[in-house]
Amino acid sequence: MLWSQAFIPTLREAPADAEILSHKLLLRAGLIRKLAGGVYTFLPLGLRALRKVEQIIREEMDRAGALELLMPALQPPEIWQQTGRYETAGNVLFKLKDSGNREWVLSPTAEEVITTIAANEINSYRQLPKNFYQISVKFRDEIRPRFGLMRAKEFIMKDAYSFDTTDDGAMASYKKMYDAYARIFARCGLKAFPVEADTGVIGGKFSHEFMVPAETGENEVVYCEACGYAANIEKATSGIPKTAAREAGAAIEKFATPGIVTIEALSKAPYSVPANRQIKTLVYMADSKPVIILIRGDDQLNEAKLAGIIGTTVFRPATPEECVATLGAKPGSLGAVAATLKGGTGFQPVNPEHRLEACATLAIYADERLRGANDMTTGANEDGFHFKIVSIERDIKVTEWFDLRTVTAGEPCAKCGKPLKIRRAIEVGHVFKLGTEYSEKLGATFLDEAGTRKPAVMGCYGIGVTRTMQAVIEQCNDKDGIIWPLSVAPYTVCITPLGVAPESAVMKLAEKIYVELTARGVDVILDDRDERPGVKFKDSELVGFPIRVGIGEKSLAKGEVELKPRVGALQAVKADEAVDAVIKLLG
RNA sequence: CGGGGCGUAGCGUAGCUUGGUAGCGCGCUUGCUUGGGGUGCAAGAGGUCGUGAGUUCAAAUCUCACCGCCCCGACCA
């Protein structure tokens, strides 16, 4: 490619709406342009880098035995209703109507479609296992797109879906993808690491996310340097001790706390109840039903964990009015002491399948850290009053115990006891073991060797392709611009003649090297613009080509050209050895 | 959706408080110059000041509404 024929609109200054470095560089290097918030055009150079990432993914997916196909982005809502995700994932689904007023959804993921394929086409264990994948445009009604390609309304994702006959088989498929992902990100030049992850609304047994450490990442990862434990904060647990039991009075006592509505206020004189001896009572509304959450006063509720428990992300903190309606008091005086609850103490155990429904009868979910706690203080469900000497097992009818709290840095690792650390990261990939939920709901069954009909055991595996590309930029840059890894650079070599007079020795040599490198399969761009050297150098560094071949009269007088790796020292090589030297640098 | 900020030429911005013919840098065009790190000089082109209403003799500037964008929060298979 000749630079003069290409379209590389570099910018000296970044548009003001770009906040993070990688977003600015995407714009400045002429890789993308914004059409609307969260919606971008890939310009030729950006598309080349994107295609290289895609190709790496393709090669590794194929190598792992996955089969590429392409599913529709436009999907009928019925299949989403069948799996229940029309509601549970409803807030990210793009919905639209056609001219006949028929509703459609734009696909953010394709479990429903692929499972329908499997239901219709796979009948026998002989056809399994299978793993299908696609690389396609996905849509997500992000309420707040941000950071360029990181969180967009429209983006490119690789999604794969495995079908196995047994749980062991599904585990093997999962492992294959897990290993493939590690290779994919390594080949992209990314330092990505797997962490235990929350399964979210997609459900399933367990999952790992592949994370790229970055201060601008939107995820927090809890990790242990000693034993290697790593988990998304939405999932992470620690070995923090439970609340200590103490000697305490025989019965609960009510006491007046006028105007005291925060944990902090109650922890100060004259009450002086430490936060770790308080029970925090939270009311959430899930599907217009209240659920009561109890956690220790010095802990924070982890909403992702709550979502996993009740099976939906569609919930919110109750309003003060709803708190009054549910418990009889405003936030700040809430408690779950059985005697103060409407309907008395008669709570029934809850079938785990129906935890959300259970909220209709006022489910009380308590954090494990409170199990066995006594001599605690909590709201009395009467504005201006609290109870003390509360024993949670004796005085509160907890419906079910869960890990509900958010881990904080410095807590002991659950595995090895060393202090945990927390850092921010970008999620670039996610692997799930799904189990049989989707195959059961959509009838993806097969006959096994014994002639028994069974649901296929599924897994699903996503990579945010456009996000991965930006993550590379976020991780690989310096003050001058992008530093593309060889594997995903839009062009790997930029030939920079310092004069472009036709038929000049400099230009002739540049063209010769260009032709020879191209013939040897190298992606090369020749900067034939009649620009000053400084402009060409700055542009090639901003765009981030891994190797620049500089050709000028001065060095050519010595029979030499200059090889300048994007990172590393300039080296002079004999003009007629330049091509081989470049090939050698490319490894 | 709640809170905050911003919309002036392709990009970055000044002007707005205190209303009076819209300015600067980069980029672009032309000429000269320079020719190994965003050269220098000169002459140009390019703006419904986000949109609409209002106040006023007069609105980029004041008022209201709407739209868009960015940040924080909420949300995020």
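Each chain has its residues counted from 1, running along the sequence as written. For this description, chains carry letters from A and ligands carry numbers from 1, given in the order in which they are written. For a predicted model such as this one, the threshold for reporting local features is a pLDDT of at least 70, and the threshold for listing and counting side-chain atom pairs is 80 or more; totals across whole chains, interfaces and linings nevertheless cover every residue.

> Report on the packing of helix α14 (residues 505-519) against helix α17 (residues 578-586), specifying residues and quantitative values.
At a closest axis distance of 10 Å, the pairing of α14 and α17 adopts a crossing angle of 45 degrees. As the angle between them shows, α14 and α17 are arranged oblique. Considering how the two elements wind past one another, α14 and α17 form a crossing that is right-handed. On α17, the residues that touch I513, E516 and L517 of α14 are A578, V579 and V582. Inter-axis angles, ranging from 0 to 180 degrees, are taken between N-to-C directions of lines fitted to C-alpha atoms, where helices are fitted over the stretch in contact. Starting at the N terminus, helices and strands are each numbered in turn, a helix being any DSSP run of H or I of at least four residues and a strand any DSSP run of E of at least two. Here roughly perpendicular refers to angles of 65 to 115 degrees, roughly parallel to angles under 35, roughly antiparallel to angles over 145, and oblique to all remaining angles. Handedness of a helix crossing follows the sense of rotation of the near helix relative to the far helix, less than a right angle counterclockwise being left-handed and clockwise being right-handed. It is the C-beta atoms, placed from the backbone, that decide contacts: two residues are in contact if theirs lie within 7 Å.

> Kindly report on the pairing of strand β10 (residues 206-213), identifying the contributing residues and their values.
Exposure is read from a count of other C-beta atoms within 10 Å of each residue's own; the residue is exposed at 12 or fewer, buried at 20 or more and partly exposed in between. C-beta atoms are placed from the backbone. Of all 8 residues that make up β10, 6 are buried, and the element is covered over most of its length. Strand pairing follows a simple DSSP-based rule, namely that at least 2 bridges must link the two strands. Relative to β10, strand β9 (residues 193-197) runs antiparallel, the two being bridged by 5 bridges. Directly across from E196, in β10, lies its bridge partner H208. Here β10 pairs with strand β21 (residues 421-435) via 8 bridges, running antiparallel. Each bridged residue has a counterpart across the sheet, and for E209 the counterpart in β21 is H430.

> A description of the sheet that holds strand β13 (residues 253-256) should follow, citing residues and the corresponding values.
Strand order in the open sheet formed by 3 strands is β13-β19-β18, and the pairing between neighbours is antiparallel. Looking at the sheet topology across the chains shown, the edges are occupied by β13 and β18 (376-379). Between one strand and the next, the sheet's axes are offset by a mean angle of 30 degrees, whatever the strand orientation. Pairing analysis gives 4 bridges linking β13 to strand β19 (residues 385-390), with the strands arranged antiparallel. If you follow K254 over to β19, its bridge partner there is F387.

> An account of the nonpolar core is requested, with residue identities and associated values reported.
Residues V493 and V549 are the most contacted members of the largest nonpolar core, which totals 116 residues. Per the annotation, domain bounds derive from an automatic or database assignment of domains. Per-domain counts for this core show at least three residues from each of domain 1 (3-237 + 421-474) and domain 3 (493-586). Contacts of V549, omitting those with residues within four sequence positions, involve V493, I495, T496, I513, V561, L563, A578 and V582. To count as a nonpolar core, a set of buried Ala, Val, Leu, Ile, Met, Phe, Trp, Tyr and Cys residues must be joined through C-beta atoms within 7 Å. In this structure, L306, L341, I364 and V398 belong to the second largest nonpolar core, which totals 37 residues.

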